[in-house]
Amino acid sequence: MTDVFKIIFVIGFISGAVLRRVCLRRAHAGYKEEITYVRKSALDLTLLGLTGVSMQIIPIIYLCTNWFDFADYPLDMATPLTYAGWLGAPVFACAIWLLWRSHVDLGRNWSPLLRIRKEHTLAVNGVYSRIRHPMYAAHWLWVLAQLLLLQNWIAGPAMLITFLPVYLLRTPHEEQMMIETFGDEYKEYMKRTGRIIPRFSS
Ligand code: SAH
């Protein structure tokens, strides 16, 4: 059964990789534009790099070699692991959908680093209408899908370990940067949205 889960993971993984490649290419074109603020901390860059390793390199090693086989989840938990694996498929589908929608709704304002363009606009529609960080929410869903689909103590939780500090360190800085740029407009926006869990109350 774990082979089926690996195949599901590969389908999601490739979809996410293609999406990210297209968006990065578009963002690189945007780098020629005037930037009014950029935050490049060594810690942020290191953690981002490690997240790249944990969500791409480690799964590839796990899927293509037998190096991590000693750390597979125990087979005597076969039934719960099978349920968990099947749950991983819709979770991964939601992650890819949310990643795609957040890139579309953020448009040219997206960048892997924290930065503000001269023509920056505040995205408040689409998936940004209920949550302020849908892209990070998509990464949390990816973390969960990886845990459920890659049934191994190294490959499964790898992204959880590296993305948690990225999220905890980045989000407050990003919100501070947005407040400095958009002032009351962003403060009002914060009141009607959740960070990664949608807020539906008015
Ligand atoms: N935290 C957001 C965006 C991640 S991309 C999310 O999870 O969806 C990071 C860049 O997005 C930052 O450099 C910032 O300039 C920009 N950004 C974040 N929220 C924004 C918003 N509501 N409108 C416009 N740009 C935003």
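In this text the structure is predicted, and so the values were computed from the model without any measurement.

> Explain the overall build of the protein chain to me, and be specific about the residues and the numbers.
When you go through the protein chain residue by residue, the secondary structure sums to 6 helices and 2 strands. Starting at the N terminus and walking to the C terminus, you meet the elements of the protein chain as α-β-α-α-β-α-α-α. Over its C-alpha trace the protein chain gives a radius of gyration of 18 Å, about what one expects of a compact globule, namely 17 Å for 202 residues. Expressed as a percentage of the 202 residues in the protein chain, the buried residues total 43%. Looking at the protein chain alone, contacts between residues at least 24 apart form 81% of all its contacts between residues at least 6 apart. In the protein chain, which carries 21 positive and 15 negative side-chain charges, the distance between the mean positions of the two groups comes to 5 Å.

> I'd love a proper account of the site of the ligand, names of residues and values included.
Neighbouring the ligand are 21 residues, the closest being Arg115, Ala123, Tyr128, His133 and Glu174. At 2.7 Å from a nitrogen atom of the ligand is found a side-chain nitrogen or oxygen belonging to histidine 133. Take proline 134: an N or O atom from its main chain is 3.4 Å from an oxygen atom of the ligand. The fraction of the free accessible surface of the ligand (530 Å²) that becomes covered by protein chains is 99%. Of all the elements in the fold, those that place two or more residues in the shell around the ligand are strand E2 (114-117), helix H4 (134-149) and helix H5 (158-182). Along the lines of polarity and charge, the residues of the shell around the ligand split into 13 nonpolar, 5 polar and 3 charged.

> Describe the nonpolar core, listing the residues and the values that go with them.
In this structure, Phe92, Tyr128, Trp142, Leu149, Phe163 and Met178 are the most contacted members of the largest nonpolar core, which totals 49 residues. Elements represented by at least two residues in this core include exactly helix H1 (2-30), helix H2 (42-64), helix H3 (78-106), E2, H4, H5 and helix H6 (184-191). The element that contributes the greatest number of residues to this core is H4, accounting for 10 residues. Excluding residues within four positions of it along the chain, leucine 149 makes contact with Phe5, Ile8, Phe9, Gly85, Gly88, Ala89 and Phe92.

> Which residues make up a nonpolar patch on the surface, and what are the values?
Together, Val10, Ile14, Val18 and Val22 give the surface a local cluster of nonpolar side chains, amounting to about 310 Å² of exposed area. Inspection of the secondary structure puts valine 10 in helix H1.

> Can you explain the environment of leucine 48? Please cite residues and give values.
Along the chain, leucine 48 turns up in helix H2. The exposure class assigned to leucine 48 is partly exposed, which follows from its relative accessible area of 29%. Leucine 48 sits 46 residues away from threonine 2 along the chain, and the two C-alpha atoms are 29 Å apart.

> Could you give me a rundown of the pattern of salt bridges, with the residues and numbers involved?
Scanning the entire structure with this criterion turns up 5 salt bridges. Linking arginine 170 and aspartate 44 is a salt bridge whose minimum nitrogen-to-oxygen distance equals 3.2 Å. One end of the pair, arginine 170, is in helix H5; the other, aspartate 44, is in helix H2, with 126 residues separating them in the sequence. Taken as a pair, arginine 170 and aspartate 44 share a single burial class, namely buried. Aspartate 105 is the salt-bridge partner of arginine 101, the closest N and O atoms lying 3.5 Å from each other. In this pair, arginine 101 and aspartate 105 are both assigned in helix H3, 4 residues apart and thus about one turn of the helix distant. Judged by relative accessible area, aspartate 105 falls into the partly exposed class, the value being 24%. Salt bridges sharing common partners tie together Arg132, Glu175 and Arg195.

> Can you tell me about the packing of H2 against H4, naming the residues and giving the values?
Two numbers describe how H2 lies on H4: the axes approach to 12 Å, and their chain directions differ by 25°. By the angle between their directions, the pair H2 and H4 is classed as roughly parallel. The crossing of H2 and H4 is left-handed. Contacts between H2 and H4 involve Ser54, Met55 and Pro59 on the former and, on the latter, His139, Trp142 and Gln146.

Analysis parameters
- Residues numbered from 1 in each chain as written.
- Predicted model: local features only at pLDDT ≥ 70, side-chain atom pairs only at ≥ 80, totals over all residues.
- Heavy atoms only, no water.
- Helix = DSSP H or I, 4+ residues; strand = E, 2+ residues; numbered from the N terminus.
- Rg over C-alpha atoms; globule rule 2.2 N^0.38 Å.
- Buried < 20%, exposed > 50% of the residue type's maximum accessible area, 1.4 Å probe, protein only.
- Contact = heavy atoms within 4.5 Å.
- Lys, Arg positive; Asp, Glu negative; His and termini not counted.
- Charge placed at Lys NZ, Arg CZ, Asp CG, Glu CD.
- Near = heavy atom within 4 Å.
- Polar contact = N/O pair within 3.5 Å; in protein donor to acceptor, adjacent residues only side chain to side chain.
- Areas by Shrake-Rupley, 256 points an atom, 1.4 Å probe, with all protein chains shown as cover.
- Nonpolar A, V, L, I, M, F, W, Y, C, P; charged D, E, K, R; others polar.
- Core = buried A, V, L, I, M, F, W, Y, C linked by side-chain atoms within 4.5 Å.
- Patch = residues over 30% accessible without salt bridge, like charges linked within 9 Å, V, L, I, M, F, W, Y side chains within 5 Å.
- Salt bridge = Lys/Arg side-chain N within 4 Å of Asp/Glu carboxyl O.
- Axes fitted to C-alpha atoms, helices over the stretch in contact; angles between N-to-C directions.
- Parallel < 35°, antiparallel > 145°, perpendicular 65-115°, else oblique.
- Left-handed = near helix turned anticlockwise from the far one by under 90°.

Remember that the coordinates give geometry; whether it matters functionally is a separate question.
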